[in-house]
Amino acid sequence: MQLKKEHKVIIVSCIFISLFFIFYFSLGKSNQHNPTVMIGKKLPNISGNSLENDKKINLNSKLKNEFFLINIFASWCAPCMEEHKHLMDLKSFKIKIVGINYKDSEQNAKQFLRKLNDPYFEVIKDYSGKLSIELGAYGVPETYIIDKNHNIISKHIGPINEKFVKEIRELKK
Amino acid sequence: MKIFKLVFLILFLIIGQTLANEEIEKKTAQITKNLRCLVCQGQSVYDSNSDFAEDIKLYVREELTKGASEKKIYSYMVSKYGDWILFNPPLSYKSIFLWLIPFLFILFGAIIIYRKVKIEK
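Keep in mind the model is a prediction, meaning the values are calculated, not measured.

Cut-offs used in this document
Residues numbered from 1 in each chain as written. Chains lettered and ligands numbered in written order. Predicted model: local features only at pLDDT ≥ 70, side-chain atom pairs only at ≥ 80, totals over all residues. Helix = DSSP H or I, 4+ residues; strand = E, 2+ residues; numbered from the N terminus. Rg over C-alpha atoms; globule rule 2.2 N^0.38 Å. Buried ≥ 20, exposed ≤ 12 C-beta atoms within 10 Å, placed from the backbone. Contact = placed C-beta atoms within 7 Å. Pairing = 2+ DSSP bridges. Axes fitted to C-alpha atoms, helices over the stretch in contact; angles between N-to-C directions. Nonpolar A, V, L, I, M, F, W, Y, C, P; charged D, E, K, R; others polar. Domains from an automatic or database assignment. pLDDT = per-residue confidence, 0-100. Core = buried A, V, L, I, M, F, W, Y, C linked by C-beta atoms within 7 Å. Arc of directions from axis to C-beta.

Here we take up the overall build of chain B. Across its full length, chain B carries four helices and zero strands. The secondary structure elements of chain B, listed N-terminal to C-terminal, are α-α-α-α. For chain B, the C-alpha radius of gyration of 24 Å lies well beyond 14 Å, the compact-globule estimate for 121 residues. Once the C-alpha set of chain B is aligned to its principal axes, its extents read approximately 90 × 35 × 25 Å. Per-residue burial for chain B yields a buried fraction of 17% across its 121 residues. Long-range pairs, those at least 24 residues apart, make up 42% of the contacts in chain B between residues at least 6 apart in sequence.

Structure follows, in structure tokens:
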């Protein structure tokens, strides 16, 4: 069966138009991959040393049956400063935030919190980056929402904003 | 004689340790070359110096030193970051299209060539 010339032109045109739209929409998308495999999973065992007194903390047993956030931050990270005011807002709404201090120095992290105020319920040191891998994180800042059953409900990559604060307040209700 | 034995033992231990370290470095390189750096543009963890890549390299090296298998390391990475972290993703219902596309193209090309040859005859 031979295809007519007009049919061939239509088929080829359709293929090119489809390819154009695929590339047009794909190029507009962010090429940063957001791994979502950890969402819906149980919070892995998060334990480490406290920034405050170097004592060993196990988050899973410390915050049993509580809704809380985990925020990965560092004093050298500019977007962390940008989101800091929103973390302070969340604190004022009585939302517990656990800070994971990523690849930082104790002195700089403490100075950072003294200067900008401390929004954290607890800060755990992660100077080897292992805790961040355990959470499936790949940068700073990243924020994880943990429900009362210690399931990871959602995560936010990059600095949090007002919209995020509103969402958290709604979730807390 | 005792001193000779002691020196021999120390040398044996040093050489053994160096060889073991070399083997771990070789395996770390092999694994990290198949892991995608998620914060880079098309680079592997092995090729990147980003914080993320350095963390993964350290993790892989430590796990190998502890005696973990390659399979265990890959499955841990997939459990944390998904199949996307692998440059060579496994065959699954999500990646089936990716694996089938080259064969579909070959089949399509073969059909075109076959038809052309048949018409010319």
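That shown, we press on.
Residue and element names in this part refer to chain A. Spatially, the five strands line up as an open sheet ordered β5-β4-β3-β6-β7, and their pairing is mixed. Each edge of the open sheet is held by one strand with a lone partner, namely β5 (122-126) and β7 (152-157). For this sheet the average axis-to-axis angle between neighbouring strands, irrespective of direction, equals 20 degrees. Two strands pair when backbone bridges link them, and strand β3 (residues 68-73) and strand β6 (residues 142-146) are joined in this way by five bridges, in the antiparallel orientation. Within β6, the position partnered with I72 by the bridge is E142.

This part is about the interface of chain A and chain B. Residue-level contacts link 13 residues of chain A with twelve residues of chain B. Of the residues assigned to the side of chain A that touches chain B, the class counts are five nonpolar, six polar and two charged.

What follows deals with the domain arrangement of chain A. A common way to state how big an interface is: give the accessible area lost once the parts meet. Taken domain by domain, chain A consists of domain 1 (1-31) and domain 2 (47-172). One C-alpha centre belongs to domain 1 of chain A, the other to domain 2 of chain A; they are set 47 Å apart.

Below, the discussion takes up the confidence of the model for chain A. Mean pLDDT over chain A stands at 90; residues scoring 70 or higher make up 94%. The least confident element of chain A, judged by mean pLDDT, is helix α1 (residues 5-28) of chain A at 86; the most confident is β3(A) at 96.

This next bit is on the confidence of the model for chain B. The predicted model of chain B averages 87 in pLDDT, with 99% of residues at 70 or higher. For this predicted complex, the interface score ipTM comes out at 0.78, while the overall pTM is 0.76.

Now for the domain arrangement of chain B. Under the domain assignment, chain B is made up of domain 1 (2-89) and domain 2 (91-121). Inter-centroid distance (C-alpha atoms) of domain 1 of chain B to domain 2 of chain B is 39 Å.

Glancing now at the nonpolar core. Counting 52 residues, the largest nonpolar core has A:L69, A:I70, A:I97, A:V98, A:Y144, A:I146 and B:I56 as its most contacted members. Not counting residues up to four positions away in its chain, the partners in contact with A:L69 are A:L90, A:I95, A:I97, A:T143, A:Y144, A:I145 and A:I146.

It is worth spelling out helix α4 (residues 106-116) of chain A at this point. All names here are of chain A. Taken together, the buried positions of α4 are occupied by A109, F112 and L113. Axial view of α4: buried residues confined to an arc of 90 degrees, hence all on one face. For α4, the exposed residues lying more than 90 degrees away from the buried face are Q107, Q111, R114 and K115. Positive backbone phi, at 80 degrees, marks N117, one or two positions downstream of α4.

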